[in-house]
Amino acid sequence: MSLDPLLLEILACPCSKHGELRPDELDGAPVLVCLACGLAFPVRDDIPVMLLDEAVPFTGTATSATASASG
């Protein structure tokens, strides 16, 4: 996934908690995970789909995408 870091700073979860988002993968597909509520939002063609109806609970574990994003 190649999202602009500035875009990640601007985006926020649409839930009432408005948590920070981190890139990750769920079942091999790129997602943005809200650190406040734990929802995973799909990223399709490098475009985050920030709709609550499209989000699913994130049940995955940290991936290499997360590790490289944080360090």
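A quick note: this is a predicted structure, and the numbers were derived from the prediction, not measured.

Undergrad: I would appreciate a short explanation of the confidence of the model for the chain in the present structure.
TA: Reading predicted coordinates in detail is not appropriate for stretches of low pLDDT. Mean pLDDT over the chain works out to 84, with 83% of the residues at or above the 70 mark. Predicted confidence is poor over residues 64-71, with pLDDT under 50, and the contacts of this stretch with residues over four places away or in other chains come to 5 contacts.

Undergrad: I would appreciate a short explanation of the state of the cysteines in the present structure.
TA: As used in these notes, a disulfide is a covalent bond between sulfur atoms, one from each of two cysteines. This model, assessed by the stated rule, comprises 0 disulfides. Here Cys-13 stays unpaired: no disulfide links it, and the sulfur of Cys-15, its closest cysteine neighbor, is 3.2 Å away. Left unpaired, Cys-37 is separated from the closest cysteine sulfur, that of Cys-34, by 3.5 Å. The class of Cys-37 is partly exposed, set by a relative accessible area of 28%.

Undergrad: Hey, could you run me through the environment of Leu-52 in this one?
TA: For Leu-52, the location among the structural elements is in the loop between β4 (47-48) and β5 (56-57). In this structure, the C-alpha to C-alpha distance between Leu-52 and Ala-40, residues 12 residues apart in sequence, is 9.4 Å. Filtering out sequence-adjacent residues up to four positions away, Leu-52 remains in contact with Pro-14, Cys-15, Leu-39 and Phe-41.

Analysis parameters
Residues numbered from 1 in each chain as written. Predicted model: local features only at pLDDT ≥ 70, side-chain atom pairs only at ≥ 80, totals over all residues. Heavy atoms only, no water. pLDDT = per-residue confidence, 0-100. Contact = heavy atoms within 4.5 Å. Disulfide = S-S within 2.5 Å. Buried < 20%, exposed > 50% of the residue type's maximum accessible area, 1.4 Å probe, protein only. Helix = DSSP H or I, 4+ residues; strand = E, 2+ residues; numbered from the N terminus.

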